[in-house]
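Overview (structure and organization)
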Amino acid sequence: MPIRILPQEVVARIAAGEVVERPASVVKELVENSLDAGATEVSIEVKGGGLELIRVADNGVGIPSAEVPLAFQRHATSKLSSADDLDRIATLGFRGEALPSIAAVAQVSLLTRSAQDPQGTYLEVQEQGVVRREGRGAPVGTTVTVRRLFENVPARLKFIRSRASEAGRVQQVVHQFLLAYPEVRFTLILEDRPPQVGGGTGELRDSVAAVYGPESAAAMLDLRPGGEGSIAVSGLVSSPGLTRSNRNAITLLVNRRWVQSRLLAYALEEAYRGFLQEHRHPLAVVNLHVPSEEVDVNVHPAKSEVRFRDESRVFGALQRAVRETLVAASPVPSIAPRSLAPSGGPSPQAGAFPRGQAYPRAEAYPNRVQLPSDGETVTAGPPMTPKERLPILRVLGQLQETYLVAEGPDGMYLVDQHAAHERVTYERLQDQTREGQPLTQGLLEPALVEVPLALEQTLRDRMGLLESYGFQLEPFGQGSYLVRGVPLPLSGQPPSVALLELLEEMERGKDAQDPEEHLLQALACHGSVRAGKRLALEEMQALLRQLEGCRQPHTCPHGRPTIVHLSATRLEREFGRS
Ligand code: ADP
Ligand code: MG
């Protein structure tokens, strides 16, 4: 075929394919326009999964009547005037592509009025252009109606899944906007269901309640005001007791634009390390405020990806903000079952929910660390990580050879001896290795260990890592190794058992994201006192003192609690004393 310039409508459809992938992308583009127009109320109506009808109505500034036809021309926008503007985009839209792209694949009508115009303008647009234009009475604002989406693009229709699943995607998009714009009131009418209304209070927590329910909203922690130079981080993140089995409840916003970013999601989850059990994920709405010249949003036609000038700074700012919030707020889980708690607002005891369910708001905890509020000056220096604190505890005894029973300032505490010891060992190993001085127990007589074939590769790959944690190993030919030293926490076991068990653990975790962290956790686990071991009073006292010295005493390295609390008030209530 000879080279030809493509006809206009083919170009339009190709371009439309990038912007308008499915009904939810139409909703996204239209709502973005409403928000750019300063709307405080946006209503979204969807029928037939969006294929039959999508209508987005707003009370924004509207389009002046003279400009209305321009809105449907490709690369026509009121949001940019020069190429320089591209370096500091403050609006959600800027490409001038959405309306013409939608019109290329659907029938579109628009009713709009700006405050300057005495009456509104009604416009009907089809693939071939404007087919009707007339004046009409209308309130200030804009309503865009999209019908028969993709009817002229059978190829696209084939990729559309069921109407119900498309409607579900629309709902997700609306949820993202709710979380990004709490000051805007959204109404969503899906098919024939009653309208769902949310937002408009300006409180992110209210929007979280609208999307994830009030219980989850109450269990979210306010991110401590923080940041890193020109980058500010704000939002809500779940306390460790509230988790999901997938990452769908992680919402990342950059300058209030919802973005897909594996990097930022990773930074967030890294901050939860040691707080969550494996395969559990947090809920979060995190807004990163980055100067517009430091972020490039013009990466993808759907504008859902961004690039940062200094990625590592953004990563660090996010991770630190979340980490500090978690550490500062990490409560001792309370034993009080929820059904017995009196009704009323959350208070330190009354609102404490058992593990696995929602925690009350973090502010309710008396042991929350006080931090300088806005406006107070903080002396220069590295950012301070507030230390979690344990109350001073007095050991009373041991229960089931598994739990330490202790008395504290506010009632009774139970400590899981294995989890607590794991935490202590973990932090010790971490410190020693960081300082490059692993504590090794040298063996008077080196032990000869036969490493099974299945584990030999793991050993070869991880030799350096094992040595950095205190193993001293020497190849002795044909799968045999001489163990000359073992990490101190493992010194109570036969060296061959210590090494082989650890290798098996590493083999199991060979796909772990972070092999070093995996090894560290395995070492802490194998080097710690088991449940079922009787401890002397002095051993128990020593363990509690060591736990008090930990940076993160409330959870074991896998995120399980080390300690639970039965409050004095609760005891009084149980015994009918109050
Ligand atoms: P972009 O948003 O990238 O500018 P669009 O094709 O989405 O491109 O919209 C084109 C123009 O139409 C916008 O720049 C804006 O001036 C106007 N417009 C579209 N929707 C609305 C709306 N809901 N309220 C006010 N103006 C709108
Ligand atoms: Mg737009």
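Coordinates for the structure precede this section.
Residues numbered from 1 in each chain as written. Chains lettered and ligands numbered in written order. Predicted model: local features only at pLDDT ≥ 70, side-chain atom pairs only at ≥ 80, totals over all residues. Heavy atoms only, no water.

**Description of the nonpolar core**
By size, the foremost hydrophobic cluster in this structure holds 64 residues, and its most contacted members are Ile44, Val146, Leu149 and Phe186. Broken down by element, the residue count for this core peaks at 8 residues, all from helix 5 (residues 163–180). Excluding residues that lie within four positions of it along the chain, isoleucine 44 makes contacts with Val27, Val31, Arg55, Val56, Val174, Phe186, Thr187, Leu188 and Ile189. Core analysis: the next-biggest nonpolar cluster, separate from the first, contains 36 residues, Leu223, Leu252, Leu288 and Val295 among them. (Core = buried A, V, L, I, M, F, W, Y, C linked by side-chain atoms within 4.5 Å. Buried < 20%, exposed > 50% of the residue type's maximum accessible area, 1.4 Å probe, protein only. Helix = DSSP H or I, 4+ residues; strand = E, 2+ residues; numbered from the N terminus. Contact = heavy atoms within 4.5 Å.)

**Focus on empty space enclosed by the protein**
To locate leftover empty space, one rolls a probe as large as a water molecule over the atoms. Applying the stated rule across the entire model yields 4 cavities of 30 Å³ or more. Considering only enclosed or pocket space, the largest cavity measures out at about 100 Å³ in volume. Mapped by element, the contributors of at least two residues to the lining of the largest cavity are helix 2 (23–36), helix 5 and strand 13 (257–258). Within the lining of the largest cavity, the residues separate by chemical class into 6 nonpolar, 1 polar and 5 charged. (1 Å grid on protein atoms, 1.4 Å probe; cavity = no way out; pocket = protein on both sides within 12 Å on 5 of 7 lines; lining within 4 Å. Points joined across faces, edges and corners; volume = space filled by probe spheres on them. Nonpolar A, V, L, I, M, F, W, Y, C, P; charged D, E, K, R; others polar.)

**Considerations on the site of ligand 1**
Lining the immediate environment of ligand 1, one finds 20 residues, of which Asn33, Thr77, Ser78, Lys79 and Gly96 sit closest. A distance of 2.9 Å separates a nitrogen atom of ligand 1 from a polar atom in the side chain of aspartate 58. Between threonine 142 and ligand 1, the recorded distance is 3.3 Å, taken from a side-chain N or O atom to a nitrogen atom. Taking 540 Å² as the accessible area of ligand 1 by itself, protein coverage stands at 93%. For the shell around ligand 1, the element with the highest residue contribution is helix 3 (residues 98–104), accounting for 3 residues. For the shell around ligand 1, the class distribution of residues is 8 nonpolar, 8 polar and 4 charged. (Near = heavy atom within 4 Å. Polar contact = N/O pair within 3.5 Å; in protein donor to acceptor, adjacent residues only side chain to side chain. Areas by Shrake-Rupley, 256 points an atom, 1.4 Å probe, with all protein chains shown as cover.)

**Considering helix 8 (residues 262–271)**
By the criterion of burial, helix 8 is predominantly enclosed, with 7 of the 10 residues buried. Leu264, Ala265, Ala267, Leu268, Glu269, Glu270 and Ala271 are the residues of helix 8 that are buried. Close packing links the buried residues of helix 8 with strand 11 (231–238), strand 12 (250–254), strand 14 (284–289), strand 16 (307–308) and helix 9 (311–329).

**Brief notes about the environment of leucine 110**
With respect to the helices, strands and loops of the structure, leucine 110 is situated in strand 3 (residues 107–113). Judged by relative accessible area, leucine 110 falls into the buried class, the value being 1%.

**Describing a nonpolar patch on the surface**
A surface patch of nonpolar side chains, about 310 Å² in accessible area, is lined by Leu6, Val10, Val11 and Ile14. Relative to the helices and strands, valine 11 resides in helix 1 (residues 8–19). The exposure class assigned to valine 11 is partly exposed, which follows from its relative accessible area of 35%. (Patch = residues over 30% accessible without salt bridge, like charges linked within 9 Å, V, L, I, M, F, W, Y side chains within 5 Å. Salt bridge = Lys/Arg side-chain N within 4 Å of Asp/Glu carboxyl O.)

**Things to note about the packing of helix 8 against helix 9**
Remark: helix 8 packs on helix 9, axes separated minimally by 8 Å, with the N-to-C direction vectors making an angle of 30°. By the angle between their directions, the pair helix 8 and helix 9 is classed as roughly parallel. Once helix 8 is placed against helix 9, the crossing between them reads as right-handed. Every residue of helix 9 that contacts helix 8 at Leu263, Leu264, Tyr266, Ala267, Leu268, Glu270 and Ala271 is listed here: Glu311, Val314, Phe315, Leu318, Gln319, Val322, Arg323 and Leu326. Of the residues contributing to the contact of helix 8 with helix 9, the split by class is 11 nonpolar, 1 polar and 3 charged. (Axes fitted to C-alpha atoms, helices over the stretch in contact; angles between N-to-C directions. Parallel < 35°, antiparallel > 145°, perpendicular 65-115°, else oblique. Left-handed = near helix turned anticlockwise from the far one by under 90°.)

**Re the sheet that holds strand 22 (residues 480–487)**
Taken in spatial order, the 3 strands of this open sheet run 20-22-21, and their pairing is antiparallel. The open sheet has two free edges, formed respectively by strand 20 (440–450) and strand 21 (472–475), since each of these has just one partner strand. Each neighbouring strand pair of the sheet contributes to a mean axis angle of 15°, computed without reference to strand direction. As defined by bridge partners, strand 20 adjoins strand 22 across 7 bridges and the pair is classed as antiparallel. Residue pairing across strands places alanine 447 opposite valine 483, the latter belonging to strand 22. Across the sheet, helix 12 (residues 495–508) touches strand 20, strand 21 and strand 22, and the angle it forms with strand 20 is around 70°. (Pairing = 2+ DSSP bridges.)

Nothing here speaks to function; it is all geometry.
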